[in-house]
Amino acid sequence: MDSSSLRKPRSPFPVRFWKAANLWYERLLLIVLILVLLIALWCMYDNYYVFHHTSDRVAGYKPGTVSSEGTAQEKTISSDMVAWITLDDTNIDYPVMQGEDNVKYLNTDPFGDYSLAGSIFLDSRNSADFSDDYSLVYGHHMEYGRMFGALDDYLDEKYMDSHTTGELLIGREGETAYRLEVFAALQASALDEAVFEPGKADIRAFVRDNAQVYRGRDDRTERILGLSTCSDESASARVVVFCYIME
């Protein structure tokens with residue numbers, strides 16, 4: 001047998017081509033790794049910013065506080081602010097925004113700036129004065145109970161028993177004040193129309209039949225406020241806490 005037949009076939013590309021290809025591959029891989037690192041650093045910074053600044057940044061704007069009535073603030077909350085919500089003894093103490101749709105304030109803070117933490121916001125289909133029989137408010141689930149990160153605590157009956165009160169101030173200046181009474185908490189699917197399509201179904205019956213924790217009564221006729229945030233259960237899972245709006 002001719003020994004030449006055992007030789008490896010020659011590559012159609014010269015050695016210089018493969019060296020250049022490897023070099024560009026290494027550069028591309030380095031660029032991808034740098035981009036991933038930058039994204040990770042940005043997420044870490046944004047979480048740090050949320051934890052250390054979100055509550056402090058808006059606290060002075062709460063209607064009726066000394067700072068809100070004093071000297072000019074560093075920035076102005078957007079004119080989309082329709083209310084201020086507080087749940088007593090939690091970190092939930094924020095302005096409530098309302099955009100022309102339910103996307104705007106997912107990643108926009110109350111001052112109109114981009115933020116991964118977004119804002120607490122009222123469903124765009126609801127009346128801005130919370131006069132609907134059922135109003136729905138959304139917020140991101142952040143660590144350390146920030147934004148609506150405290151809502152899943154209400155799935156514990158003992159926790160709810162000791163955290164049943166709150167306040168809703170309507171308008172930029174808090175022209176009308178209502179007390180809130182927390183009465184139920186449940187995990188729902190984002191596809192549940194009764195919860196996420198205000199006015200489309202009987203929210204009272206749905207909450208009564210599906211709540212993990214329920215302190216309501218069939219004879220209560222007050223308007224209802226739903227507070228919704230994401231859940232770790234799945235991408236479509238939500239934790240929703242329900243309050244009576246006390247006249």
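See the structure shown above.
Quick look at the structure, then. Remember, predicted model here, so these are calculated numbers, not experimental data. (Residues numbered from 1 in each chain as written. Predicted model: local features only at pLDDT ≥ 70, side-chain atom pairs only at ≥ 80, totals over all residues. Heavy atoms only, no water.)

### Side note on the overall build of the protein chain
No. 1: Scanning the protein chain from terminus to terminus reveals four helices and nine strands.
No. 2: If you list the helices and strands of the protein chain from N to C, you get α-β-β-β-β-α-β-β-α-α-β-β-β.
No. 3: Buried residues in the protein chain amount to 42% of all 247 residues.
No. 4: Per element, the accessible surface of the protein chain, about 14,200 Å² overall, is 55% carbon and sulfur. (Helix = DSSP H or I, 4+ residues; strand = E, 2+ residues; numbered from the N terminus. Buried < 20%, exposed > 50% of the residue type's maximum accessible area, 1.4 Å probe, protein only. Areas by Shrake-Rupley, 256 points an atom, 1.4 Å probe, with all protein chains shown as cover.)

### Thoughts on the nonpolar core
No. 1: Counting 60 residues, the largest nonpolar core has F130 and F242 as its most contacted members.
No. 2: Here the element with the most residues in this core is strand β6 (residues 176–189); it accounts for eight residues.
No. 3: Excluding residues within four positions of it along the chain, F242 makes contact with Y134, E181, V182, F183, A184, L186, V195, I203, V207, I224, L225 and G226. (Core = buried A, V, L, I, M, F, W, Y, C linked by side-chain atoms within 4.5 Å. Contact = heavy atoms within 4.5 Å.)

### Describing the pairing of strand β8 (residues 223–230)
No. 1: Of all the eight residues making up β8, seven are buried; the element is thus mostly covered by neighbouring parts of the structure.
No. 2: Alignment of β8 against strand β9 (residues 237–246), held across eight bridges, turns out to be antiparallel. Directly across from I224, in β9, lies its bridge partner Y244. (Pairing = 2+ DSSP bridges.)

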